[in-house]
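# Structural description and commentary
Chain by chain, the residues:
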Amino acid sequence: MALLSTSKVSLAFAGVRALVDIDLQIEEGELLGIIGPNGSGKSTLFNVLSGIYRVDQGSIEFRGQRIERCGAAQIVRSGMARTFQNKRLFGTMSVLENVLVAALKGAQGSALGDVLGLKSSARARTKAAEIADRCLALTGLADSTHLIARDLPYGAQNRLELARALALEPTLLLLDEPAAGLNPSERAELQELIRRIHGEGVTIALVEHDVRMVTGLCARAIVLDHGEKIADGASSMVVRDPRVQAAYFGEVESGEGTHAI
Amino acid sequence: MTTSEVLRRWWVGAAVLAALLAFPAFAPRYIVHIANFILIYTLPVIGLGFLTGFTGRVSLAQGALFGVGAYTTALLTTKFGWTPIATFFPSVLMTVVLAVALGGAAVRLAGLYFVMATIGIQQIVWIVLMNWIDLTNGPQGVRSIPAIGLGDYRLETPQKFYFLTLAVAVISYILAKRVIGSRLGLYLRALSDDQLAASSVAVEVGRAKVTALALSAAWAGAGGFLYAHYVRYVHPDMFGLEASVLYLVMSMFGGYRSIAGMVLATGLLESATEYLRPFGEFRMIAYGMILLLGMMFFPKGILTIVRRRTSARTAGKT
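The rules behind these values
Residues numbered from 1 in each chain as written. Chains lettered and ligands numbered in written order. Predicted model: local features only at pLDDT ≥ 70, side-chain atom pairs only at ≥ 80, totals over all residues. Helix = DSSP H or I, 4+ residues; strand = E, 2+ residues; numbered from the N terminus. Buried ≥ 20, exposed ≤ 12 C-beta atoms within 10 Å, placed from the backbone. Axes fitted to C-alpha atoms, helices over the stretch in contact; angles between N-to-C directions. Parallel < 35°, antiparallel > 145°, perpendicular 65-115°, else oblique. Contact = placed C-beta atoms within 7 Å. Nonpolar A, V, L, I, M, F, W, Y, C, P; charged D, E, K, R; others polar. pLDDT = per-residue confidence, 0-100. Pairing = 2+ DSSP bridges.

The next subject is the environment of phenylalanine 37 of chain B. All names here are of chain B. By the element assignment, phenylalanine 37 lies in helix α3 (residues 29-54). For phenylalanine 37, a count of 20 C-beta atoms within 10 Å gives the class buried. Along the sequence, phenylalanine 37 and glycine 267 sit 230 residues apart, while their C-alpha atoms lie 9.0 Å from each other.

Below you can see the structure in the form of structure tokens.
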């Protein structure tokens, strides 16, 4: 059974169809690429999966549980983490605190235990700190733990967002354009990092504009256009699909030969 | 080095505490009287700090919540014959319950809408205190609130009351530091930075905000309890919008997310209103100027002066 599967997921904003009957399977251990032009619904799909938007129709099943009516925090605790296209860090907090919040996984009833200094609270905090340290080391941020997040250079902010998502110890990780705004060498580093995370057994869905990155990392890819899934298959094949080419580069009309790039 | 790191040095804390304990022996009665008000006001101010400084929710209802605490104990002791000490927890509880009942839904609203909702709550409480005459005596206020007594020893003079307010203020300060240092404190700061990101790292944003509201009410209720038994008279106008604005200013003026800063600002602004009395009718203008200049030069709070100094010194050492 697939780790995550959606059935006929649809969502419209004020009549504009953002997602139309999306059927999608993500298998356990997979590294799935999601491509498509701007406004094709890639980020909307992530927002629906992670519980930020509610679907109008359709169902989403994650690890055998229906989650389309669950809140974002609940979905995260069930094992799905994500990053955002426009980095959404906790700007005034330190690098360590950013990751620590995630590593605590929203543990409840914590305030009283912490105020009273209970042993169980101390244990939970120590455990979270260990997870945070591990994620910061993995993303190369171990030396910046006490810097304030918004003072970090862009590339490091990018890695911090990834570290924060990893601290949730997800089964499924949704990465929304993690390479946006990075220079070629940072891009290569990121690619290596994603491969390593995947190697540790995390299932990943990657939204990316850079088709080469997707074909380089992902065995399978799906393509969205105008909220519809127009292709699904081996990533190297999918990008050559005429409909995909048309969606990205515009219709190549015979006779008139207009190329829109 | 941050302020809290400075304060964590034991000798700083010990010296401050010793000075505070010895203070009423040397200070004139009038000064001790003002010190009592300062210490009492640190409670609603710190409480508001949970909601405003740390959670990013600006509330203009803290005066009303302070009033709920004060009126609860005032009515329980004068009308129902309770001993003052026994009404402490009921006063705090009443304030929390009322705050969550009236504001629990509103605190989930976006910033500006929440501010407007709190103005509504502030006015509702004031109107009820003013008009439910059978219960609250309305515009007459509640007189002859008994002094707090320990056996036959009654805390009737400012000097005697001072040690109680000091004890409560110190406990409230330590508790507040621990709350902010707890995991809840981390969640609150996270959601005030970015609510969506907070919910995507499993923070139950709604619940955390209601908890912050409840905490702010608890601190306000405790402050109101002290106030009622110190002044021994309560009137709805003591807990109007003006009071709410004052607490808001105090909790913002001191320092961005700094409990020590909130305490410092409460002290400075409350003593300023007293020391500016010679200016007569120009007093509020002078007060306004202090606020204006403070906000212009230290937008993150007056405590940044101390911080800049200490960080410059540590930077010089390395």
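We are not done yet, so read on.
What follows covers the packing of helix α8 (residues 158-181) of chain B against helix α11 (residues 205-231) of chain B. All names here are of chain B. Where α8 meets α11, the axes come as close as 11 Å, and the angle between the chain directions of the two elements is 175°. Considered as vectors, α8 and α11 are oriented roughly antiparallel to each other. On α11, the residues touching Phe161, Thr165, Val168, Ser172 and Val179 of α8 are Leu215, Trp219, Ala222, Leu226 and Tyr230. The class makeup of the residues in the contact of α8 with α11 is eight nonpolar, two polar and no charged.

As a further point, take the confidence of the model for chain A. Parts of the model with low pLDDT should not have their predicted coordinates read in detail. Per-residue confidence for chain A gives a mean pLDDT of 88; residues scoring 70 or more make up 94%. Note that pLDDT drops below 50 for residues 254-261 of chain A; the model gives that stretch seven contacts with residues more than four away or on any other chain.

What follows is about helix α3 (residues 95-103) of chain A. Side chains that are three or four residues apart share a direction in an α-helix, a result of its 3.6 residues per turn. Most of α3 of chain A is tucked away, with eight of its nine residues classed as buried. Among the residues of α3 of chain A, Val95, Leu96, Asn98, Val99, Leu100, Val101, Ala102 and Ala103 of chain A are the ones counted as buried. Elements that come into contact with the buried residues of α3 of chain A comprise α5 (119-138) and α6 (154-166) of chain A together with α9 (183-193) of chain B. Lysine 105 of chain A lies just past α3 of chain A and shows a positive phi near 50°.

Residues and elements named next belong to chain A. Taking strand neighbours across the sheet as the criterion, the four strands line up as β2-β1-β4-β5 in an open arrangement whose pairing is antiparallel. Strand pairing shows two members of the sheet lacking a second neighbour, β2 (16-26) and β5 (65-66), which therefore form its edges. Sheet topology places strand β1 (residues 4-13) next to β2; seven bridges connect them, and they run antiparallel. Counterpart to phenylalanine 13 in the pairing with β2 is valine 16. Taken strand by strand, helix α1 (residues 42-49) contacts β1, β2 and β4 (57-62), and its axis lies near 65° from that of β2.

Our focus in this paragraph is unusual backbone geometry. Residues and elements named next belong to chain A. Positioned with a positive phi, glutamate 177 is a non-glycine residue whose angle comes to about 50°. Mapped onto the fold, glutamate 177 is located in the loop between β7 (172-176) and α7 (184-199). Despite not being glycine, histidine 226 shows a phi value in the positive range, around 50°. Along the polypeptide, histidine 226 turns up in the loop between β9 (220-225) and β10 (228-234). By C-beta crowding, histidine 226 is classed as partly exposed, having 16 other C-beta atoms within 10 Å.

Let us look at the interface of chain B and chain A. Interfaces are often sized by the amount of accessible area the parts lose when they come together. With 21 residues of chain B at the interface, the matching set in chain A holds 26 residues. Of all the elements in the fold, those that place two or more residues in the side of chain B that touches chain A are α8, α9 and α10 (195-199) of chain B. The greatest single-element share of the side of chain B that touches chain A, amounting to seven residues, is contributed by α9 of chain B. Within the side of chain B that touches chain A, the residues separate by chemical class into eleven nonpolar, four polar and six charged.

Further remarks concern the sheet that holds strand β8 (residues 203-207) of chain A. Residue and element names in this part refer to chain A. Strand order in this open sheet of six strands is β6-β7-β8-β3-β9-β10, and the pairing throughout is mixed. The sheet is open, and its two borders are formed by β6 (80-82) and β10, each paired with just one other strand. Across this sheet, the average inter-strand angle for adjacent strands is 15°, counted without regard to direction. Two strands pair when backbone bridges link them, and β9 and β10 are joined in this way by six bridges, in the antiparallel orientation. Considered in β10, the bridge of isoleucine 222 is made with aspartate 232. The sheet contacts of α7 involve β3 (31-35), β7 and β8, and relative to β8 the element is tilted by about 150°.

Confidence along chain B averages 88 in pLDDT terms, with 93% of residues attaining 70 or more. Mean pLDDT across the secondary structure elements of chain B bottoms out at helix α15 (residues 304-317) of chain B, with 55, and peaks at helix α4 (residues 62-78) of chain B, with 97.

With that out of the way, let us pick up the environment of histidine 209 of chain A. Mapped onto the elements, histidine 209 of chain A comes out in the loop between β8 and α8 (211-217). Considering only alpha carbons, one finds histidine 209 of chain A and proline 178 of chain A, 31 residues apart in sequence, at a separation of 9.8 Å.

Interaxial distance between α3 of chain A and α9 of chain B falls to 10 Å at its minimum, and their mutual angle equals 110°. Here α9 of chain B runs roughly perpendicular to α3 of chain A, going by the angle between their axes. Residues Glu97, Leu100 and Val101 of chain A of α3 of chain A form the contact with α9 of chain B, whose participating residues are Leu186, Tyr187 and Ala190 of chain B. For the contact of α3 of chain A with α9 of chain B, the residue count by class is five nonpolar, no polar and one charged.

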